[in-house]
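Residue-level listing of the chains:
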Amino acid sequence: MTGIDVRRVAGALGAEIGGVDLSAPLADDTIAAIRKALVEHQVIFFRDQSLTPEQQLAFGRRFGPLNIHPYVKGMADHPEVMEIIKEPSDRINFGGGWHSDMSFLEAPSIGSILYAVETPDYGGDTLFASQAAAFDALSPGLQKTLEGLSAVHSAGREYAPTGASAQSRGSMQISEAEGAVGEYVHPMVKVHPETGRKALYVNPAFTMRIEGWSRRESKALLDYLFEHSRFEAFTCRFGWKPGSVAFWDNRSVWHFALNDYPGQRRHMRRVTVDAA
Ligand code: SIN
């Protein structure tokens with residue numbers, strides 16, 4: 001008996017988890033129950049938590065080694081903790097487009113845990129889209145075709161010297177790196193290692209082209225998939241309050257941080273879990 005309760009929040013994905021204090025050292029069966037809820041619901045939410053960076057790190061480490069972002073500077077004492085801050089004077093936010101975290105790495109992250117420190121009075125929600133639901137909704141013919149394809153991912157569009165992130169956000173230390181243009185190839189359909197469920201694995205931020213296809217050919221199919229994958233019925237939406245936590249599975253979920261709170265401050269802390 002772990003004492004946690006799980007309430008679904010939407011048809012395709014998302015569940016709110018109650019009855020657990022993430023700042024406490026949690027028993028193995030509680031961690032197992034949280035992990036089960038994560039892989040089943042793809043994104044899980046917690047309310048009214050109070051986490052120091054050390055406690056967030058300790059919770060994250062129960063799920064795997066933590067990533068140090070190659071282009072976004074973490075906290076001075078805790079490089080694995082990324083502070084996602086939008087100041088009232090900032091125009092552009094971090095994560096303000098559909099993506100899954102770190103697909104530009106050779107071994108992409110499996111999950112991200114985001115904790116809200118300070119939230120705007122209104123706005124600043126995060127949208128999530130199930131790429132498993134998106135895959136399920138395709139025709140068997142296209143599913144089969146996609147299962148035979150891989151795609152090339154790169155951080156270049158965001159983090160190269162000419163990239164969007166490098167130029168736009170004053171409140172976060174984002175480095176411009178020539179190395180960001182490096183490319184890694186991942187299957188376009190990911191089979192979840194824990195559930196066996198298939199999910200589309202391409203995203204508009206980091207997927208550059210289909211392996212072995214020209215950019216023009218790739219664009220036609222990728223544009224179709226990007227449009228399809230954000231269909232409203234595949235999504236859920238989370239409204240943040242200070243102390244809220246979202247934990248999403250990057251293997252099967254896209255997310256999108258809404259930028260609809262000009263003149264207000266939003267401060268989050270993220271840890272990102274790598275495959276063990
Ligand atoms: C992110 O892309 O990790 C940021 C999400 C958010 O700030 O809501």
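Use the structure listed above.
Residues numbered from 1 in each chain as written. Predicted model: local features only at pLDDT ≥ 70, side-chain atom pairs only at ≥ 80, totals over all residues. Heavy atoms only, no water.

Colleague: How do you make sense of the overall build of the protein chain when you look at a structure like this?
Modeller: Scanning the protein chain from N- to C-terminus turns up 7 helices and 15 strands. Over its C-alpha atoms the protein chain spans a radius of gyration of 18 Å, differing by no more than 12% from the 19 Å that the globule rule assigns to 276 residues. Along the first, second and third principal axes, the C-alpha atoms of the protein chain reach 50 × 45 × 35 Å. Counting contacts in the protein chain only where the partners sit at least 6 residues apart, residues at least 24 apart contribute 81% of the total. Carbon and sulfur atoms form 52% of the exposed surface of the protein chain, whose accessible area is close to 12,000 Å². (Helix = DSSP H or I, 4+ residues; strand = E, 2+ residues; numbered from the N terminus. Rg over C-alpha atoms; globule rule 2.2 N^0.38 Å. Contact = heavy atoms within 4.5 Å. Areas by Shrake-Rupley, 256 points an atom, 1.4 Å probe, with all protein chains shown as cover.)

Colleague: Can you help me understand the packing of aromatic side chains in this one?
Modeller: In this description, a pair of aromatic rings is defined by centroid distance and the angle of the planes. This structure, assessed with the given rule, holds 16 aromatic pairs. On the numbers, 5.1 Å between centres and 25 degrees between planes, the contact of Tyr-71 with Tyr-159 is stacked. Of this pair, Tyr-71 sits in the loop between helix H2 (53–61) and strand S4 (82–86) while Tyr-159 is found in helix H5 (residues 156–159), placing the two residues 88 residues apart along the sequence. In this pair, the class of Tyr-71 matches that of Tyr-159, namely buried. Above the ring of Tyr-261, the side-chain terminus of Lys-86 is found at 4.4 Å from the ring centroid. Note that Lys-190 overlies the ring of Tyr-201, its terminal NZ or CZ placed 4.3 Å from the centroid. (Phe/Tyr/Trp six-rings, centres within 6.5 Å; stacked < 30°, edge-to-face > 60°. Buried < 20%, exposed > 50% of the residue type's maximum accessible area, 1.4 Å probe, protein only. Lys NZ or Arg CZ within 6 Å of the ring centre and 35° of its normal.)

Colleague: Is there a simple way to think about the site of the ligand in this case?
Modeller: The full set of residues close to the ligand is Ile-84, Gly-95, His-99, Asp-101, Leu-114, Thr-126, Trp-248, His-255, Ala-257, Arg-266 and Arg-270. Within the side chain of His-255, an N or O atom sits 3.0 Å from an oxygen atom of the ligand. Within the side chain of Arg-270, an N or O atom sits 2.8 Å from an oxygen atom of the ligand. A total of 260 Å² of accessible area belongs to the ligand in isolation, and the protein chains cover 100% of it. Broken down by secondary-structure element, the contributors of at least two residues to the shell around the ligand are strand S14 (253–257) and strand S15 (266–273). Residue composition of the shell around the ligand, by class: 4 nonpolar, 4 polar and 3 charged. (Near = heavy atom within 4 Å. Polar contact = N/O pair within 3.5 Å; in protein donor to acceptor, adjacent residues only side chain to side chain. Nonpolar A, V, L, I, M, F, W, Y, C, P; charged D, E, K, R; others polar.)

Colleague: Whenever I open this one, helix H7 (residues 215–229) confuses me. Can you help?
Modeller: Structural remark: α-helix, 3.6 residues per turn; residues separated by three or four positions point the same way. Compared with the 21 Å implied by 1.5 Å per residue over 15 residues, the 20 Å span of H7 between its first and last C-alpha is a close match. Along H7, the residues classified as buried are Ser-218, Leu-221, Leu-222, Leu-225, Phe-226, His-228 and Ser-229. Those residues of H7 hidden inside the fold are in contact with strand S6 (126–130), helix H3 (131–136), helix H4 (140–147), strand S10 (198–200), strand S11 (207–210) and S14. (Expected span 1.5 Å × (residues − 1).)

Colleague: Quick question: what am I supposed to make of unusual backbone geometry here?
Modeller: Even without being glycine, Asp-48 reaches a positive phi, approximately 55 degrees. Checked against the element boundaries, Asp-48 lands in the loop between strand S3 (43–46) and H2. Not every positive phi belongs to a glycine, and Met-102 is a case in point at roughly 65 degrees. Under the relative-accessibility criterion, Met-102 is labelled buried at 2%.

Colleague: Can you help me understand the pairing of strand S1 (residues 5–8) in this one?
Modeller: Note on strand geometry: in a regular strand, side chains alternate between the two faces of the sheet. As defined by bridge partners, S1 adjoins strand S2 (residues 15–18) across 4 bridges and the pair is classed as antiparallel. Residue Asp-5 lies in a different strand from S2, and its bridge partner there is Gly-18. In textbook terms, the turn of a hairpin is the stretch between consecutive antiparallel strands, and for S1 and S2 this stretch comprises 6 residues, one of which, Gly-14, has a positive phi near 100 degrees. (Pairing = 2+ DSSP bridges.)

Colleague: Just to check I follow, could you spell out the sheet that holds strand S7 (residues 150–154) for this structure?
Modeller: Strands in a sheet are paired, the pairing made by backbone hydrogen bonds, and the direction either parallel or antiparallel. Strand order in this open sheet of 3 strands is S8-S7-S11, and the pairing throughout is antiparallel. Either end of the sheet is taken by a strand with one partner, and the two such strands are strand S8 (183–187) and S11. Ignoring which end each strand starts from, the neighbouring axes of this sheet average 30 degrees apart. Across 5 bridges, S7 lies against S8 in antiparallel orientation. Each bridged residue has a counterpart across the sheet, and for Val-152 the counterpart in S8 is Val-185. (Axes fitted to C-alpha atoms, helices over the stretch in contact; angles between N-to-C directions.)

Colleague: Could you clarify how one ought to interpret the sheet that holds S14 in this entry?
Modeller: With antiparallel pairing, 3 strands are arranged side by side in an open sheet as S12-S6-S14. Looking at the sheet topology across the chains shown, the edges are occupied by strand S12 (235–238) and S14. Adjacent strand axes in the sheet meet at a mean angle of 20 degrees when their direction is disregarded. Two elements, S6 and S14, share 5 bridges in a ladder whose sense is antiparallel. Its bridge partner lying in S14, Thr-126 is registered against Ala-257.

Colleague: Looking at this model, I keep getting lost on the pairing of S12. Mind explaining?
Modeller: Of the two faces of S12, the one lined by Cys-236 and Phe-238 is fully buried and the one lined by Thr-235 and Arg-237 carries no buried residue. Of the pairings in the sheet, the one linking S6 to S12 comprises 4 bridges and is antiparallel in character. Looking at the pairing, Phe-128 lines up with Cys-236 of S12.

Everything listed is a geometric property; what it means functionally is a separate question.
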